[in-house]
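# Results of the structural survey
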Amino acid sequence: MSKNPRDSDNNLMMEFMAEEIDPFSNVRQRGPKRWLTAHILQGSNKIFVLMIFSGTIVYTVLSSGIMIIVGNAIDEFISGNSTNFALFIVLIFAFGVASPFLHMINGLLTETLAQRMERDTRHEFYTNLLGKSQSFHDQQRIGDIMARTTNDVRMLNFLISPALSLIFESFIGLIVPILFIILFFPTQLLLAPILFTIFFLITLRRYVNRLGPVSGRLRMEFGQMNAILNETLSGIEVVKGSATEDHEIRKYFTNAKGYRDAFVEQGEIMARYIPLLLVAFAVTLGLGHAIFLNLEGGGLEIGQIIAYVGLLSNLRFPTFISIWTFAVVRLAVSGAERLLEAMSKESDIDENIKGQTVEIKGGVSFKNVTFIYPGSAQPVLHDINFEVQPGQTVAIVGTTGSGKTTLTKLISRLYDLTEGQVLVDGYDVREYNLESLRSQISYIEQDVFLFSSSIFENISFGKTSSIDQVINVAKEAQAHDFITKLPEGYDTEVGERGVQLSGGERQRVAIARAFLADPKILILDDSTSAIDSKTEDKIQYAISNVLKGRTTFIITHRLSQIRWADLILVMKRGTVIAQGTHEDLIRTSEEYRAIFVKRFDLEEDQLLKDVAVV
Amino acid sequence: MGFHLGLASEEYDRKYRDRDLVKRVLAYFQDHKQSMLIVILFLTLTSLANSLSPLLSREAINQLETTRDLGYLILLISVIFVLNLLGWIFNFFRQKYSAQVIGDVVLTLRQDVNKAVLGHDLSFFDKYPTGKIVSRINTDSRDFGQTAGYFTQTISSFLVVIIVIIAMFTINAPLTFIVLGMVPFIFITAFSFRKIARKRTLEGQRALATVNSFVQETISGIQIAKTFRQEQKLYDKFLGVNNQSYRANLRRAYVFQFLFPILSLVQAFALVFIMWIGGLNTLGGQMRAGDFYLFLQSLWLFFFPLLSIAMFWPNFQTGLAASERIFALIDTPPVVIQGRSNIILDAFKGEINIQNLDFSYIEGVDAFGENIRSGKERIKVFNNFSLKIKQGESLAIVGHTGAGKSSLAKLLTRFYEFQGGSITIDGINIKEFNLKKYRKKIGIIPQIPFLWADTLENNVKYGKPSATKEEILWALEQAGGADWVEDLPKGLNTNIRERGNLLSMGQKQLVVFARTLLEDPSILILDEATASVDPFTETRIQEALEKTIKGRTSIIIAHRLWTVRHVDRIIVLDHGKIVEEGNHDELMQLGEHYAKLYNTYFRHQSLEYIEKAREFTKTVKEVN
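Residues numbered from 1 in each chain as written. Chains lettered and ligands numbered in written order. Predicted model: local features only at pLDDT ≥ 70, side-chain atom pairs only at ≥ 80, totals over all residues. Heavy atoms only, no water.

### Notes on the overall build of chain B
So the rule is basically this: Only DSSP runs of H or I with at least four residues qualify as helices, and only runs of E with at least two residues qualify as strands; both kinds are numbered from the N terminus onward. Our radius of gyration is a C-alpha quantity, and the globule rule it is checked against amounts to 2.2 Å times the number of residues to the power 0.38. Burial classes follow relative accessibility: with a 1.4 Å probe on protein chains only, a residue under 20% of its type's maximum area counts as buried, one over 50% as exposed, and anything between as partly exposed. The contact criterion used is simple: two residues touch if any of their non-hydrogen atoms lie within 4.5 Å. Here, Shrake-Rupley sampling with a 1.4 Å probe gives the accessible areas, and only protein chains in the shown set may cover a residue. Neither His nor the chain termini are counted; the positive set is Lys and Arg, and the negative set is Asp and Glu. Taken as the charge location is NZ of Lys, CZ of Arg, CG of Asp or CD of Glu.
For chain B, the helix and strand inventory stands at 20 helices and 10 strands. Taken over the C-alpha trace, chain B has a radius of gyration of 36 Å; the compact-globule value for 624 residues is 25 Å, which it surpasses by more than 25%. For chain B, the spread of C-alpha atoms along the principal axes amounts to about 115 × 70 × 50 Å. Looking at chain B as a whole, 57% of its 624 residues are labelled buried. Contacts spanning at least 24 positions in sequence make up 79% of the contacts within chain B whose residues lie at least 6 apart. Accessible area of chain B: about 26,500 Å², with a carbon and sulfur share of 57%. Distance between charge centroids for chain B: 6 Å, based on 71 positive and 61 negative side chains.

Listed below in structure tokens is the structure:
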């Protein structure tokens, strides 16, 4: 994705998923490690990796080389020879300055790689999210998606810098001193570093395996602690009202205790990090070994002993740093797994690109429709039958969970049904080109979503429009009046940082948006609360405007809308228990009648009184 | 993680003095005296063992130039081996026990601050957002614990450095000065670095936050984007913010990459000087090879300890700031305090008498050190307000927003403290009751139903944990019927998720009714929901309400038509004063405040209104 993705000038979302723009789609299926490797090695990154590798080797050689020079220098000084004195000092200075300099360049390269990794994986993930079907998004919790785009992607940055770069540095830091010993010292002095390396690798592996689960538990406990406390404080009024403070304090304590236990356990595992002991042993063993060789007259000068022990001391850094580098790798790999898991969930819906692209009139009929959510046994909708003429208004009533929303989602194929048929203008919805079908169906959600941009941009979101067009539709939607009263009119920023609109106002902005899009079928989930009759009137008026000339499904609690609908579907537990007009239903349906009788429970004269007052 | 060097940590304005804070922090450690002694003991031992090793190594190397006594050398090496082992073991115990002490202290701290927070009345929670309190209780205490761990680490480093430096001085003072010459450079580097790093980190974090909120927003609104096929637009915007974050964070990361090379450079200069001066000394015969060894080793040995000592002060301040924020929370005194009499009654008759009540939302001591918005809070909600409610009477309160309806309910439940006048129940001042027992006898149904991420059963019996299954079902039955429970995947045992999100708005309200019924309160205070629910549930809520208010003193902040027509008495509140009272019919006859309110808020819920709306729309349709 380092190839500039702006190059794609085609607007269709399909393009995002195409091979040439999404080069990782194949690698993704081959597991997190392959995927990560592909990202690390993509494009110009390869050169970076190569430079980092060689840079690391060079500066490790330089810093080990210093030890050899120092050793030789000391030997000369002891023997009283001062001829090369200046040369030694200059060499040490040169090596000493060159090594950090290279280290720095290396660091900059590594960071570039790490930041690129974060940018590119986030880019890939986000692009993938945009290309996902609505049924995917319905099933995801936004918090979960956010955790992946923030924390998990971040972990991939940490994977490169510092984790992998330090691991590579540690690896070279183990190899180079050993090579130097082979080159400059008697072979038997390899004993200490070789023994160390073997035991180091064994104990490190055990350590990493033990630390992993505990660190995981610690993070989980912390998350839980936050969640529990958050809940308690959000419900503080209930806690106080029920006088259950002690219960809540105990609950929190149990949780905090769990965190404490994991913390102590982690502390103990980290304290028991054996490699630190091993490296100390290795240095001492090396010292003893070298001294022994010197005593034996094995030709090992004192300066060389110092150089040798100095080389062994260089092993301290890889040992020390490994306490956590591998833990980071583990975290990053599981982060990558979570990212891949989300990305690999592909849409179940067949796009049917070759399908019909005709303009629809808006007739809808359901024939024996049964729908079972994927992976569930219980049908959400069972044997649904009804028919709607173009331009009619259908009110759907029923308790939450009775399947009202799901029913509407079958029309635009946000889900595909399990049995039966959904027909639009007499054709099965699966025969349409999906893009074409959906482009003629609009939703106005119960919880209207506005982007945090201006009112103008929100209304013209679906269709580039002039300000006059926007004002026109806003008037139709009864939104113009309140918009002009806002501080900056149509340029007022809404959403998070801007003005907070009330539920009724948001709804009218959404209705204006739908006017511009001009769909043939409109689905309106109208369950917002309105508190005063003025707002109520405006919303009624806006809705009555928007449903003119199109087939409309309204999920509603407003009796006024239920009453004027051409068809009312009364739903209960996934079935339509009654359907017809208000006049039919009040006569034929016991359940439907119950709403009106129970709800108002009014005497005739009471009604008359009310009318008199008005 | 690894490098906890506090390089990018924030600075805080503080109110408490360092000395007081340290004293209080130490008081927490006091309870773990024994463990602390162990930690200190092993800390000292570790430092001794670690500093003795290089000194003995020097001795061994020096021996090679003089006596070359094999037995003595073997002894020295063996002692170093033992020191290595002991050093590791001592360190193990130090780390283990300090993890325990820190874990326990953090736990106690959390427990204390949590207790303090839960002891507060609602004025406290109005002032401080939940997220902030949670972060103080959990995150600040964790940061505090990290600093404490870091603290022992630094002390240990410090001890090693001191011991070795003293030894080095006795061997060669000038070279020791060279090694110590690194110190100011390390300090200066670390400090100036911190400044830049903080700035860059802040920029990086901001850029990242922009990306995150962009993703959050666009994914939340994905359905809109899909309906209107605007994915490309979002994608282009994303590229912009993502690249911006990339650049900002790259700059931040680059800054961090300079630190260690610069410090290594300092180290390299020290090395050159040691070789230079040490070389001249050796040539002059005043210095031995072992001394060289010791000084060279010290360069590496001191590197991290010196860095952590350099960063000690800022880190220490970060830890103190975290502890201050926690203590500030603990120290904020609660406003609602229980009277001395501590009266406990099994049940109230339910006669309420409010006399000459004065109340305004006055701020307590500000725990968060933020500027209190003055003015608005000082406006009096009630001034000399009086109201009598008879035993078993149902009373509806109506009025515009800000009339004081909710405030009245919250004062009765003692969620807030009033400043003047008195409230008595059955003739006893409510301040004299045992606070918790008192609240238990008052059933409160808030406007927005709050449920726990727990099973339905536990939610219903939240106020009465001893309730049996039969009682729970009875309560649900009373609250409009329990048949919907069977539709849940696991019935009563269904986890209804965060805030009860598995249930519909109406069902949530029914559960809250059941919860309140199970508590069997003597007095009911109900703040009716304004949100509309489906017509089926609506009728159930009416039934539930009817049963709940029967025979109970009930105060209802009314939003529903049914309610105002069924209560014994309605009072109309306006700016904290009763402007009208009576029943629905009487007040409608009067044709003033109530009649106006009725036309604005209640009438459109009536059948008659709907008929008119239908006519209205018909005309609209015809006109068009």
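### Things to note about the sheet that holds strand β8 (residues 551–556) of chain A
Residues and elements named next belong to chain A. Filter applied, for reference: Criterion used throughout: strands pair if DSSP finds at least two bridges between them. Axes, fitted as lines to C-alpha atoms, cover a helix only where it is in contact. Angles between the N-to-C directions of the axes lie from 0 to 180 degrees.
Pairing is mixed in the open sheet, where 6 strands are placed in the order β6-β7-β8-β3-β9-β10. Each end of this open sheet is capped by a strand with a single partner; those strands are β6 (441–444) and β10 (575–580). For this sheet, the mean angle separating the axes of adjacent strands, direction not counted, is 20°. Relative to strand β9 (residues 567–572), strand β3 (residues 393–398) is paired through 5 bridges, and the arrangement is parallel. Bridge pairing in β9 links Val394 to Leu567.

### Details of the domain arrangement of chain B
Condition: Either an automatic procedure or a domain database provided the assignment from which the domain bounds are taken.
In terms of domains, chain B is made up of domain 1 (18–172 + 319–333), domain 2 (173–286) and domain 3 (394–402 + 435–618). The C-alpha-based centres of domain 1 of chain B and domain 3 of chain B are spaced at 56 Å.

### Side note on the pairing of β9(A)
Residue and element names in this part refer to chain A. In terms of residue burial, β9 counts as a mostly covered element, since 5 of its 6 residues are buried. Where β9 and β10 come together, 5 bridges link them in antiparallel fashion. From the neighbouring strand, Ile568 faces β10, where its bridge partner is Gly580. As consecutive antiparallel partners, β9 and β10 are separated by 2 residues, and within that stretch Arg573 has a phi angle of approximately 45°, a positive value.

### A closer look at the packing of helix α14 (residues 469–478) of chain B against helix α15 (residues 505–519) of chain B
Residues and elements named next belong to chain B. Our working definition: Angles are sorted into four bins: roughly parallel if under 35 degrees, roughly antiparallel if over 145, roughly perpendicular if 65 to 115, and oblique for all others. In this scheme, a crossing is called left-handed if the near helix is turned counterclockwise away from the far one by less than a right angle; it is called right-handed if the turn is clockwise.
Across the interface, α14 lies against α15 with an axial gap of 8 Å and an inter-helix angle of 125°. The angle between the axes of α14 and α15 places the two elements in the oblique class. Note on packing geometry: the crossing formed by α14 with α15 is right-handed. In contact with Glu471, Ile472, Trp474, Ala475, Leu476 and Gln478 of α14, α15 contributes Ala514, Leu517 and Leu518.

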